[in-house]
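Structural overview for review
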Amino acid sequence: QVQLVESGGGLMQAGGSLRLSCAASGRTGSNSFMAWFRQAPGKEREFVGAITWSSRNQYYADSVKGRFIISRDNSKNTVYLQMNSLKPEDTAVYYCAARSSVGGNYYSTVEYPYWGQGTQVTVSS
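Once that is clear, we can look at the overall build of the protein chain. Looking only at helices and strands, the protein chain has zero helices and eleven strands in total. Written out in order from the N terminus, the α and β elements of the protein chain read β-β-β-β-β-β-β-β-β-β-β. What you see for the protein chain is a C-alpha radius of gyration of 13 Å, in line with the 14 Å of a compact globule of 125 residues. With respect to the three principal axes, the spread of C-alpha positions in the protein chain is 40 × 25 × 25 Å. Split into buried and exposed, the 125 residues of the protein chain put 43% on the buried side. A separation of at least 24 residues holds for 57% of the contacts in the protein chain among residues at least 6 apart in sequence. For the protein chain, the accessible area works out to roughly 6200 Å², and carbon and sulfur atoms hold 47% of it.

Here it is as structure tokens:
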């Protein structure tokens, strides 16, 4: 089992920045591939970004590409999401997710067996 705990959410004005953190514990060998998803009220959970164990490869949704940066520090078992140039449409609960495999559809929620509890991000206009 892997436990994931997100932090860093909050209220920010449009154009501002926030950094989310996700700390992993437990069988951290099972989190070789980690991702961020978000879910706005009344909408389905959607992919934001993902990163491989080595950080060699990062993947982003088109809606955040160029504004968000995903990174990880394996010595701390932590993955980060730096969110810049925030927009009101970025308002959502942000979830950290982990899996051991690197194949398949990294943008699909069903590919991830481990999830955090989520952290709220609210962007005001």
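With that settled, the discussion passes to the sheet that holds strand β1 (residues 2–7). What links the strands of a sheet is backbone hydrogen bonding, and the strands pair in either a parallel or an antiparallel sense. With antiparallel pairing, the four strands of this open sheet are ordered in space as β1-β3-β8-β7. Whereas interior strands pair on both sides, the edge strands pair on one side only; in this sheet they are β1 and β7 (68–73). Strand-to-strand twist in this sheet, taken as the mean axis angle between neighbours without regard to direction, amounts to 15°. Where β1 and strand β3 (residues 18–26) come together, six bridges link them in antiparallel fashion. Directly across from Val-2, in β3, lies its bridge partner Gly-26.

Mapped onto the elements, Thr-52 comes out in the loop between β5 (46–51) and β6 (58–60). By relative accessible area, Thr-52 is classed as buried at 10%. The residues contacting Thr-52, other than those within four sequence positions of it, are Ser-32, Phe-33, Asn-57, Tyr-59 and Arg-72.

Turning next to unusual backbone geometry. For residues that are not glycine, phi is negative in most cases, and the peptide bond is trans in most cases. The phi dihedral of Ser-55 falls on the positive side, at around 70°, and the residue is not glycine. Structurally, Ser-55 can be placed in the loop between β5 and β6. According to the relative accessible area criterion, Ser-55 is partly exposed, its value standing at 26%. We note that Ser-85 has phi near 50°; this positive angle belongs to a residue other than glycine.

Going through the model one piece at a time under the given rule, you end up with one disulfide. The disulfide partner of Cys-22 is Cys-96, and the gap between their sulfur atoms is 2.1 Å. Looking along the S-S bond of the Cys-22-Cys-96 disulfide, the torsion reads about -80°, which is the left-handed sense. Of this pair, Cys-22 sits in strand β3 while Cys-96 sits in strand β9 (residues 92–99), and the two are 74 residues apart along the sequence. Taken individually, Cys-22 and Cys-96 each receive the classification buried, so the pair is uniform in this respect.

Cut-offs applied
Residues numbered from 1 in each chain as written. Predicted model: local features only at pLDDT ≥ 70, side-chain atom pairs only at ≥ 80, totals over all residues. Heavy atoms only, no water. Helix = DSSP H or I, 4+ residues; strand = E, 2+ residues; numbered from the N terminus. Rg over C-alpha atoms; globule rule 2.2 N^0.38 Å. Buried < 20%, exposed > 50% of the residue type's maximum accessible area, 1.4 Å probe, protein only. Contact = heavy atoms within 4.5 Å. Areas by Shrake-Rupley, 256 points an atom, 1.4 Å probe, with all protein chains shown as cover. Pairing = 2+ DSSP bridges. Axes fitted to C-alpha atoms, helices over the stretch in contact; angles between N-to-C directions. Disulfide = S-S within 2.5 Å.

Any functional reading would require information that these geometric values do not contain.
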